[in-house]
Structures are given as structure tokens and as C-alpha cells.
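Fold and geometry: a report
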Amino acid sequence: MNQLDKKFGEYGGMFVPELLIPALDQLEQAFIDAQQDESFQAEFMALLKDYAGRPTAMTLSRNLVSNPKVKLYLKREDLLHGGAHKTNQVLGQALLTKRMGKTEVIAETGAGQHGVATALACALLGLKARIYMGAKDVERQAPNVFRMRLMGAEVIPVDSGSGTLKDAVNEALRDWSANYDKAHYLLGTAAGPHPFPTIVREFHRMIGEETRAQMMEKEGRLPDAVVACVGGGSNAIGMFADFIEEPSVKLVGVEPAGKGLHTHEHGAAICTGSKGILHGTYSYIMQDKDGQIEESYSVSAGLDYPAVGPQHAHLHDTGRAEYVAITDDEALNAFQILARKEGIIPALESSHALAHALNMADEAEEDTIIVVNLSGRGDKDLAHVHSILGEK
Amino acid sequence: MGRYETMFAALSEKKEGAFVPFVMIGDPDKQTSIDIIDTLVEAGADALELGIPYSDPIADGPTIQKASIRALGEKITPADCFDIIKTIRTRHPDTPIGLLLYSNLVFAAGITQFYQQAADAGVDSMLIADVPLREASPFIEVAKQHNMDQILIAPPNANDETFQAIGENSSGYTYLLGRAGVTGAETEAAMPTDTLISKLTQHQVAPPLLGFGISKPEQVKAAIDAGAAGAISGSATVNIIESHLHDKAKMLSTLSDFVKNMKAATKQ
């Protein structure tokens, strides 16, 4: 039986083949032990500080907001080594891999950001990485494929199904079913079967903890709202975790509305509200009436996932967090505004959060402090955005 | 007595094991699928294990994934699958029919509603590949209400706690995994060890059928010699369908020969 709670309200659970249960139990035990082990924590903290570059900066925007009542801060996860928040939890799970005496790491990746983070951590810690990536994504994200290979990871294109992220997750789970003895599945977001949503949250919660300390230092109070984009939901849960018990702080998750929620081309699982099981967890998912999983879509590959982490589903249902959706066009607009006004090129994922925060800033009638989790930088998106803007 | 109990009792009298082929319902199309399933029973299959096609089958290797994709390409829905099962049930009133599927298909309809439809179609058992024991109680409860067996999986890496829980909850048969990994004929099953069989006996689990990596008559014989009540062969059966997509007559005759050979190996 599980030692940690495997559910968030009605969501979560361990909907995986029986074969994987011992591996998940082993992971849960290793995580519990590591959380109480000072030497593990010291090593994790040292890597975050000296290798990854934590704490990340908190930047007050100078030119973004015209409403004088609003201060808009950016939590600069884009400055983290690897170019996105993903490095945090990958370092944590890579250390857990070693702690469990495993020598290999299996991972999935969509755009390649989690794959790159996994590859760098495995290079650093001497682990052998194999990374499943949809065949279509391998073509679309050639620079990240090269980065992973450069750092010694094996990249395996997945042809089955739609050849995108969800199929890469399926293939990673299949690999793990055969190789759990020596391999750890380093899942990339706060979704999947228990204990992954809890582990990923805890290994990202310094985002919110640093934000709290930085706000107290700069403003002497907590922010009124924190805003983060939500695909699977790892950067958002990392930002939210430390504020869940602070009712004065509004938690806002921004899903990808793609070409619009009225179309089939989006990735807004919570906003469209249908519940089911994908990749081992009960949550909001995109599906047809029979329960077949539908393809998601977003201009941002990191948000292009047809499900969401179970804790977000619960935070939505209890009303503790609010979830909204931003279209491709709105995100592309915010991407350009941040570049032009502040000299920062954000990831397309983070541009969704920024776009909504700018709307909130326009509408604010009282003094308001908003923090946007700028979860990643936009270098990886330059060619893509260039081609989209070129067409317009 | 349920159809599985009747079958195991009859086989035990004849000193035979069970041979159970698996195919995906609706693969490669609705009518051919009915003919395939008919052929399997007529060639001597003791029971049937039938899959409902699903978009994201994480416990399946390439062979069965492709069968799902072919069936989904024909727009086969769970409702179509129940129609096909009704046809098969009418023609073969005594053959145990098990469903093998994934949890989201059940959740989408609602557990009770889905089991009701399955029971109405004449299904005897449900095996949900991504529902481990730890998540199984709501399913076991609904299965009991509909006089169906919830099939539980005994993996090679299970601990005593798991075996005990299987013993307390299993009915129909127990799906004994021949190895780790996913379905597929590429990697052969390992035969159950004496220790494993004695654990299953000790915890009084429902009769164990060995599956995953079973493609040859010798393996069926070895499984039964080792103490299994029979064997399940999925990917090897589906491979025959895939190899003869353009020659239905040959497909059916090859399937028939395959089942006859596998069945012959169950006779001690």
C-alpha cells in the first residue's frame, strides 16, 4: 500500500499495468527516504545552486504594463541552465535514480526540452539516457535532437500512433515495463501515475518558495496573483505549491487554446472539462465519447499534451486555482511584446502565461502585484516563430 | 457454475489444459473479425480473449498496437464490439469470452454502464490492462454485481501481499505473466517456477493461464507441465491476421491450423 497519498481529491491514482507497481513503490520509498536524508538534500541544493544557477532572478518589468496600479514581476526560470524550469526536477530524479542503484534513465520528450534537461543531468551524473520522441517531433525539433545526442543521450523516434508526445510517453512506459530493474523512468511533468505528480511538484517547489522570499524582500508582502502556463503542469505546480495555503494569493493556470476552444485544435484539458485516464492518472483529458484519446494541438510543443496533472484538476474543482486558456495568436503577440519592451525572448509556453497576465494587468482596478512564471526562454522557438511571422 | 468453471472442470476430467487465443475485435474489419473468431472456436479454442481497440495501449507491443490501429481505422467502437460479441455468443453459447481492454474505455461509459453492456453481450470476464490490484476494487464490485469475473494479473515480480490479494479477489482465471515487458511474440515467456506455482496454490488463486510471449505448441505443453492451467496466445495469433490481410481464405485456414496445433499441445 502507498505511504503518500496517491490521490488529489478524486484525481490521480496508479492506473498502470500490475508489472509497474513494484517499480512505483520502490520510487515512492526512495523519494520518502531522500526527502529526510540531509546528504541527499545537500547534494540536490548544491547542484541547483552551483550547476543550474539557482535562485533565479525576479525581474520587475519596466515597460510592459501601462496601468500604474499594477506591478508585473517575471520569475526568471528562463535563466536556469538548460533554458527552462525543467532542469530542477530532472536533477532531483536523476539523484533518485542513483540512490535506487539504477544506471539507466528512460524519458519522453515533446519539443525536446525535457529530453535536453534529462540528457544534461545524465551526462553530469554518469547515467545512460534513452529518450523517446515522436517521429514528427524529431523532424520538427532537430536542434534539440542534436543537443541531446551531443550530451550522450540516445534519441529514439516513435512512429506508432500520432508520432507525438503522448506516443513517446506510451513507448517510454513500455520500455520501463521491460527494464524497471536497471532503469528509472524520468517522467517530465507533474502527471502520470503516483508518485510522479508529488515528486515532480516537490522538486519544483523552490520556484514558489523563492518567489515568496523575493516578494517579501522587494515588496514586503505576498503577490496578489501568480500566473503560470499549464500543459502537464509542472512549472505551474512548482509556482503554486508554496502558495496553496495562502488564500490571498490568486493562483492562475493558463492552458493552450490553440486555434480556439470551439475548434478541435487546442490542448486545454481543464477548460474543456472531460475526465478520464491517460498515462496512469485520472484527471481532465481530451477524448471522444467512447474514451479514445484525442490529439491535442498548440503552437507551443511544451503545452501540446491531451491531459493535465491530477493536482491541477483538484485545484480547479475546489476553486483554489483558476484555469483560463490563451490562443496561439495571443501567445505569439505576448512573445513579441516581451522581446520588444523588455529585451527578453520567452518560450512560447511561458508566453501563454504572460499574455493572460497582461490582460489581468489591463483590468486591475486596485493596487496589484502579479508574478508570471517565465518558465523558459525562447531560443528553441525562434525558427518556428520566424516562419509563422514570415507567413503573416 | 460460470463458463470458466465449467470449462476447467471439463478439461481437468479430460486431462487437458486450456488454449486461449486473443484477437482484437474489429481487426481487420467487422465481418472478417467475426469469421476469425468463429474459426478460432471451431478449431478448438477452449475460451476467447478479445480486445477492444484503444488509442493508447501502453501494455501492448507493436503487433497488438497495429491491430488496434487497423480496427480504429475501420471506426470500430465499443458498441460495435458488443454487437460482434453478441453474434459470437449466439453461435457459441458455452465458450467463455473474456474482454481485455484499457480503463479509459470503461470510465468513459461509466463502470456500471460498461459492465452492464458487456454482461448483456455475453461476456464472462474483464481484464483491464492498466488497472492493477490497488485500483481494482470498484471494478471487482461491479463485476460481481453482473456475475462477471474480474481477471487479475499475477506478474513474475509480485510479492506475497500481491499474491494474497489475488487469492482473495480472483475468479474465472488468473492471468499469469510469462515475463516482464509488453505483449509480443518477439520475446519468449519464461515458464513458471515451482516456487511461483506453489505460491499460487497456497493463496488459492483462480486457475492460472500463462500469457505474454507464447507462440509455439512446445511452450503450451511446457506451461501446462509446469503447473499452469493453460496458455494464452495473442501476438502470435494477431501476426497471422497481419500476414494475410489480402487473402482471407488463407488467413482463416492458417489460424485454424495454428489453433489446432496449440490445442493439441494441451493434451497430456
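The rules behind these values
- Residues numbered from 1 in each chain as written.
- Chains lettered and ligands numbered in written order.
- Predicted model: local features only at pLDDT ≥ 70, side-chain atom pairs only at ≥ 80, totals over all residues.
- Heavy atoms only, no water.
- UniProt positions renumbered as here; feature names shortened; annotations may be inferred.
- Contact = heavy atoms within 4.5 Å.
- Buried area = accessible area lost by both parts, 1.4 Å probe.
- Salt bridge = Lys/Arg side-chain N within 4 Å of Asp/Glu carboxyl O.
- Polar contact = N/O pair within 3.5 Å; in protein donor to acceptor, adjacent residues only side chain to side chain.
- Helix = DSSP H or I, 4+ residues; strand = E, 2+ residues; numbered from the N terminus.
- Nonpolar A, V, L, I, M, F, W, Y, C, P; charged D, E, K, R; others polar.
- Pairing = 2+ DSSP bridges.
- 1 Å grid on protein atoms, 1.4 Å probe; cavity = no way out; pocket = protein on both sides within 12 Å on 5 of 7 lines; lining within 4 Å.
- Buried < 20%, exposed > 50% of the residue type's maximum accessible area, 1.4 Å probe, protein only.
- Right-handed = clockwise from strand over helix to strand, strands pointing away.
- Points joined across faces, edges and corners; volume = space filled by probe spheres on them.
- Patch = residues over 30% accessible without salt bridge, like charges linked within 9 Å, V, L, I, M, F, W, Y side chains within 5 Å.
- Areas by Shrake-Rupley, 256 points an atom, 1.4 Å probe, with all protein chains shown as cover.
- Expected span 1.5 Å × (residues − 1).

Labelled according to an unreviewed UniProt entry, chain B appears under the name Tryptophan synthase alpha chain, originating from Fluctibacter corallii. The UniProt entry for chain B carries this comment under Catalytic activity (unreviewed entry): "(1S,2R)-1-C-(indol-3-yl)glycerol 3-phosphate + L-serine = D-glyceraldehyde 3-phosphate + L-tryptophan + H2O".

An unreviewed UniProt entry lists chain A under the name Tryptophan synthase beta chain, with Fluctibacter corallii given as the organism. In its Pathway (unreviewed entry) section, the UniProt entry covering chain A states "Amino-acid biosynthesis; L-tryptophan biosynthesis; L-tryptophan from chorismate: step 5/5." UniProt annotates chain A under Cofactor (unreviewed entry) with the comment "pyridoxal 5'-phosphate".

1. Examining the interface of chain A and chain B
Frequently, the measure chosen for interface size is the accessible area that the parts lose on association. Each side of the interface is counted separately: chain A has 35 residues, and chain B has 36 residues. Carbon and sulfur atoms supply 53% of the area that chain A and chain B bury against each other, a total of about 2,900 Å² over both sides. Residue A:Lys6 pairs with B:Glu135 through a salt bridge whose shortest N-O separation is 2.9 Å. Counting every contact that joins chain A to chain B gives 20 residue pairs in polar contact (both at pLDDT 80 or more). For the side of chain A that touches chain B, the secondary structure elements donating two or more residues are helix H1 (21–35), helix H7 (165–179) and strand E11 (275–278) of chain A. Counting residues per element, the side of chain A that touches chain B draws most heavily on H7(A), at seven residues. Residues that form the side of chain A that touches chain B fall into these classes: 16 nonpolar, ten polar and nine charged.

2. Things to note about the sheet that holds strand E7 (residues 174–177) of chain B
All names here are of chain B. Taking strand neighbours across the sheet as the criterion, the nine strands line up as E5-E4-E3-E2-E1-E9-E8-E7-E6 in an open arrangement whose pairing is parallel. Because the sheet does not close on itself, it has two edges, and the strands there are strand E5 (149–150) and strand E6 (152–154). Pairing geometry for strand E3 (residues 97–101) and strand E4 (residues 125–128), over four bridges, is parallel. Considered in E4, the bridge of Leu99 is made with Met126.

3. A closer look at the UniProt feature "active site" (unreviewed entry) in chain B
All names here are of chain B. When the UniProt feature table is mapped onto this chain numbering, "active site" (unreviewed entry) sits at Glu49 and Asp60. Lining the second largest cavity, from the set of annotated residues above, are Glu49 and Asp60. Within the secondary structure, Glu49 sits in strand E2 (residues 48–51). Residue classification places Glu49 among the buried residues on the basis of a relative accessible area of 1%. The contacts of Glu49, once residues within four sequence positions are left out, are Tyr4, Val20, Pro21, Phe22, Val23, Gly98, Leu99, Leu100, Leu127 and Tyr173. In this fold, Asp60 is placed in the loop between E2 and helix H3 (62–73). With a relative accessible area of 7%, Asp60 lands in the buried category.

4. Some thoughts on the pairing of strand E10 (residues 250–258) of chain A
All names here are of chain A. For E10, a buried count of eight out of nine residues is recorded, marking the element as mostly surrounded by other parts of the structure. The sheet contact formed by strand E9 (residues 225–229) and E10 spans five bridges and is parallel. Of the residues in E10, the one forming a bridge with Ala225 is Lys250. Regarding topology, helix H10 (residues 234–240) serves as the crossover connection from E9 to the parallel E10, and that connection is right-handed. Pairing of E10 with strand E13 (residues 321–327), which is carried by seven bridges, proceeds in the parallel orientation. Bridge assignment links Gly253 to a residue of E13, and that residue is Tyr323.

5. Side note on the layout of surface pockets
Residue and element names in this part refer to chain A. Size it by volume and the largest pocket reaches roughly 710 Å³. Taken together, 34 residues make up the lining of the largest pocket; nearest its centre are Asp137, Arg140, Gln141, Ser298 and Ala301. Per-element accounting of the lining of the largest pocket gives the leading share, four residues, to helix H6 (residues 142–150). Class assignment of the residues belonging to the lining of the largest pocket gives a composition of eleven nonpolar, ten polar and 13 charged.

6. Topic: a nonpolar patch on the surface
Where nonpolar side chains cluster on the molecular surface, the patch consists of A:Phe146, A:Leu150 and A:Met151 and spans about 330 Å² of accessible area. Summarising the element assignment, A:Phe146 is placed in helix H6.

7. Side note on the UniProt feature "modified residue: N6-(pyridoxal phosphate)lysine" (unreviewed entry) in chain A
Residues and elements named next belong to chain A. The feature "modified residue: N6-(pyridoxal phosphate)lysine" (unreviewed entry), as annotated in UniProt, sits at Lys86 in this numbering. With respect to the helices and strands, Lys86 occurs in the loop between strand E4 (70–76) and helix H3 (87–99). The contact partners of Lys86, leaving out residues within four places of it in the chain, are Gln113, His114, Ala117, Gly188, His204 and Ser234.

8. Structural notes on H3(A)
Residue and element names in this part refer to chain A. The end-to-end C-alpha separation of H3 is 18 Å, in line with the 18 Å expected for 13 residues at 1.5 Å each. Most of H3 is tucked away, with eleven of its 13 residues classed as buried. Those residues of H3 not exposed but buried are Thr87, Asn88, Gln89, Val90, Leu91, Gly92, Gln93, Ala94, Leu95, Leu96 and Thr97. Phi turns positive one or two residues past the end of H3, at Gly101, with a value near 75 degrees.

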